[in-house]
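Each chain is listed here by its residues.
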Amino acid sequence: DWGHLGYLETDRGSQKIWGFTITMGYSRRLWASAALDQKLGTLLRMHEAAFQEWGGVPEELLYDRMKTVWLGTDERGEILWHPVFLDFARYWGFKPRLCRPYRAQTKGKIESGVKYIRRNFLCGLLGREPSCLMDFNTELREWLGAVANMRVHGTTYEKILFRWDMDQFNLQQL
């Protein structure tokens with residue numbers, strides 16, 4: 001999911017920072033990165049970076065209803081996937097799914113990553129302004145490794161990395 005993470009002062013003025021998160025369903029391992037746009041190419045590059053870091057690809061990925069992955073539904077109510085995104089999913093071998101609208105059980109799992117970054121990572125940045133997007137992402141990556149993925153998760157009550165040991169065996173090879 002995407003979420004607004006604030007602004008970055010650059011030579012071109014103030015630019016919005018967008019955070020993208022992917023959370024593994026079982027372990028709740030979080031992968032995140034920030035960008036200055038939410039374009040399809042950016043989304044696909046972030047997926048590839050997450051797959052590389054994880055060393056594999058999940059069989060199924062659940063999405064919120066963002067326009068970069070779905071275009072709407074047809075007359076039968078079937079999902080109309082963005083064709084470039086659907087080609088990307090086929091190439092990497094995962095099945096995309098959309099969460100049902102207004103269904104807290106699935107939507108909350110998707111949206112909680114951005115919320116967690118806002119409430120924890122961004123609070124730790126107070127008083128320190130990253131000089132560029134690369135610095136912001138470097139600090140975000142360090143925080144993910146040292147804090148976010150080292151904690152005991154509030155829903156599973158287990159350490160994320162312990163559950164990740166089991167989660168990674170279900171990934172498809174790159």
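Our subject is the structure that appears above.
Residues numbered from 1 in each chain as written. Predicted model: local features only at pLDDT ≥ 70, side-chain atom pairs only at ≥ 80, totals over all residues. Heavy atoms only, no water.

**Focus: the packing of aromatic side chains**
- Summed over the entire model, instances satisfying the criterion amount to 13 aromatic pairs.
- Ring centres of Trp 2 and Phe 20 lie 5.2 Å apart, and the angle between their planes is 55°; on these two criteria the pair is classed as tilted. Remark: Phe 20 occurs in strand S2 (residues 13–23) and Trp 2 occurs in strand S1 (residues 2–10); sequence separation between them is 18 residues. Phe 20 carries the same exposure label as Trp 2, and that label is buried.
- Each ring, one from Tyr 63 and one from Phe 85, has its centre 5.2 Å from the other, and the planes form 85°; the classification is edge-to-face. Highlighted residues: Tyr 63 in strand S4 (residues 60–63) and Phe 85 in helix H2 (residues 83–92), separated in sequence by 22 residues.
- Among the aromatic residues, those joined into a ring-pair cluster are Phe 51, Tyr 63, Trp 81, Phe 85, Phe 88, Tyr 91, Trp 92 and Phe 94.
- A cation sits over an aromatic face here: Arg 29 above Trp 164, 4.5 Å from the ring centre. (Phe/Tyr/Trp six-rings, centres within 6.5 Å; stacked < 30°, edge-to-face > 60°. Helix = DSSP H or I, 4+ residues; strand = E, 2+ residues; numbered from the N terminus. Buried < 20%, exposed > 50% of the residue type's maximum accessible area, 1.4 Å probe, protein only. Lys NZ or Arg CZ within 6 Å of the ring centre and 35° of its normal.)

**Some remarks on the pattern of salt bridges**
- Scanning the model with the defined rule gives 6 salt bridges in all.
- Taking the shortest distance from any N to any O, the salt bridge between Arg 29 and Glu 53 comes out at 3.3 Å. Of the two residues, Arg 29 sits in the loop between S2 and strand S3 (30–35) while Glu 53 sits in helix H1 (residues 40–54), which places them 24 residues apart along the sequence.
- Under the relative-accessibility criterion, Glu 53 is labelled partly exposed at 37%.
- Among the ionic pairs, Glu 158 bridges to Arg 163, the shortest N-O distance being 2.7 Å.
- Owing to a relative accessible area of 10%, Arg 163 belongs among the buried residues under this scheme.
- Through salt bridges with shared partners, a single ionic network connects Arg 29, Glu 53 and Arg 141. (Salt bridge = Lys/Arg side-chain N within 4 Å of Asp/Glu carboxyl O.)

**Focus on unusual backbone geometry**
- Here Arg 28, not a glycine, exhibits a phi torsion of approximately 70°, which is positive.
- By the element assignment, Arg 28 lies in the loop between S2 and S3.
- Backbone geometry places Tyr 157, a non-glycine residue, at a positive phi of 60°.

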